[in-house]
Amino acid sequence: MLLALSLWMSGCSAGSPLSMLSATQSEKVVHAGGMQNEDSGDPEQAVQVDYPRPPEPSSSAKPAVKQPGDNIQPSPTTKPNSNKTGSATEKPKSNASSEETEKPDKQEKKLVALTFDDGPDSRYTTAILDILKEKGVKATFFVVGQQVEKEPETLKRIVDEGHAVGNHTMNHKQLPKLTDKQMKQEIESADKLIEKVIGYKPTMVRAPYGAVSDALKKYMKSENRQLVGWNVDTRDWAGTSVSDMRSMIKEKAKPGAIILMHSFGSKNIKHTVEMLPGAIDDLKKMGYTFVTADQLVS
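Bear in mind the structure is a predicted one, so any value in this text is a computation, not a measurement. (Residues numbered from 1 in each chain as written. Predicted model: local features only at pLDDT ≥ 70, side-chain atom pairs only at ≥ 80, totals over all residues. Heavy atoms only, no water.)

S.K.: Help me understand the pairing of strand β3 (residues 111-117), please; the structure alone is not making it clear to me.
M.R.: On any regular strand, side chains alternate: one points to one face of the sheet, the next to the other face. Among the 7 residues of β3, 7 are classified as buried, and the element is accordingly described as predominantly covered. Here β3 shows a buried face lined by L111, A113, T115 and D117 and a second buried face lined by V112, L114 and F116. Bridge analysis of β3 against strand β9 (residues 257-262) gives 6 bridges, and the strand direction is parallel. Bridged to L114 within β9 is I259. Direction of pairing for β3 relative to strand β4 (residues 140-143): parallel, over a ladder of 3 bridges. Looking across to β4, one finds that F116 is bridged to F141. The parallel pair β3 and β4 is bridged by helix α3 (residues 124-135), and the resulting crossover is right-handed. (Buried < 20%, exposed > 50% of the residue type's maximum accessible area, 1.4 Å probe, protein only. Helix = DSSP H or I, 4+ residues; strand = E, 2+ residues; numbered from the N terminus. Pairing = 2+ DSSP bridges. Right-handed = clockwise from strand over helix to strand, strands pointing away.)

S.K.: Would you mind going over the nonpolar core with me for this structure?
M.R.: The nonpolar side chains of a soluble globular protein tend to be buried, and buried together. Counting 40 residues, the largest nonpolar core has L114, F116, L132, F141, L155, L276 and L283 as the members making the most contacts within it. Mapped onto this core, the elements with two or more residues apiece are β3, α3, β4, α5 (152-160), α6 (180-198), α8 (242-252), β9 and α9 (269-285). At 7 residues, the largest contribution of residues to this core is made by α9. With residues up to four places along the chain from it excluded, the contact list for F141 reads F116, T125, I128, L129, L132, I158, H163, A164, V165, G166 and S263. Ranked by size, the runner-up nonpolar core spans 13 residues in total, among them A164, M204, W230 and V297. (Core = buried A, V, L, I, M, F, W, Y, C linked by side-chain atoms within 4.5 Å. Contact = heavy atoms within 4.5 Å.)

S.K.: Just to check I follow, could you spell out the confidence of the model for the protein chain for this structure?
M.R.: When pLDDT drops low, the exact placement of atoms in the prediction is not to be read closely. Per-chain confidence: the protein chain averages 75 in pLDDT, with 63% of residues scoring 70 or above. Contacts of residues 36-107 to residues separated by more than four positions or lying in other chains number 159 contacts, the stretch itself having pLDDT below 50. (pLDDT = per-residue confidence, 0-100.)

S.K.: Help me understand the environment of L129, please; the structure alone is not making it clear to me.
M.R.: Tracing the backbone through its elements, the reader meets L129 in helix α3. Since its relative accessible area comes to 0%, L129 is described here as buried. Taking the C-alpha atoms as reference points, L129 and S263, separated by 134 residues in sequence, lie 9.6 Å from one another. With residues up to four places along the chain from it excluded, the contact list for L129 reads F141, T154, R157, I158, E161 and H163.

S.K.: Please clarify how the pairing of strand β5 (residues 164-167) should be interpreted in this entry.
M.R.: Here β5 shows no split at all, with A164 and G166 on one side and V165 and N167 on the other all buried. For β4 and β5, the ladder comprises 4 bridges, and the chain directions are parallel. Note on β5: the bridge partner recorded for F141 is V165. Both β5 and strand β6 (residues 204-205) contribute to a ladder of 2 bridges, which runs parallel. Looking at β6, one finds that G166 is bridged to M204. One crossover worth recording links β5 to the parallel β6 by way of α6, and it is right-handed.

See below:
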């Protein structure tokens, strides 16, 4: 009987829920990029949780991002039509006459998206915006509702300068630990504040810590919204040095890369500001075109 029980247990598996980046295996992680205490630089919630960590580009798991160039045309902004507040943004249409004529061009495109979480604020976010403006690069900012409430003018500047905006929840909580009602409140409360400032509800949502659940994915699908992850994590919140982050981006950037950085949450974000100009120059030299995150997710 003991032998039978042992054989039965060895054949069981815990299941492997899919993350935003289609990871096929899960592991315990401590803080996958989130808000930290401004004074200490420590994660706000440095606890272990069971959810898939977004894979690095070298992983066998395939990110849920489009192949380079798939129906993508770089645009200065992803702001929806003002007459369709809250509706999904239409994706650019190709001018090619047939799919066959498009393929060679698609394969040649090298697209990358810079994303910044947890802002806005009046210190690091504005410094990042200054750099992006100087370099002529558009990026994506996943904003937290409580910060939008404090810094509405910075959010307005983000949109006025042609960058894309995504919802990063109201209070940066781990959504899988909430009830379905609480999860929706976290997203919808942030939506209301964002829409009040910029006039529309963003179509993109990024889960804090990259923590997703089947309930969240179902809710996003029902709302026709894009759940956006990343496949290059700079770990800027953890105090990674300027040189290490720049080297990491050069090494791990691949066509279709979505790079995770932060614009608020820790004194360590000063390294992000220092690193950003050089990283942009590196990517340009490597032949990359900068697009917003919605143009890379499926």
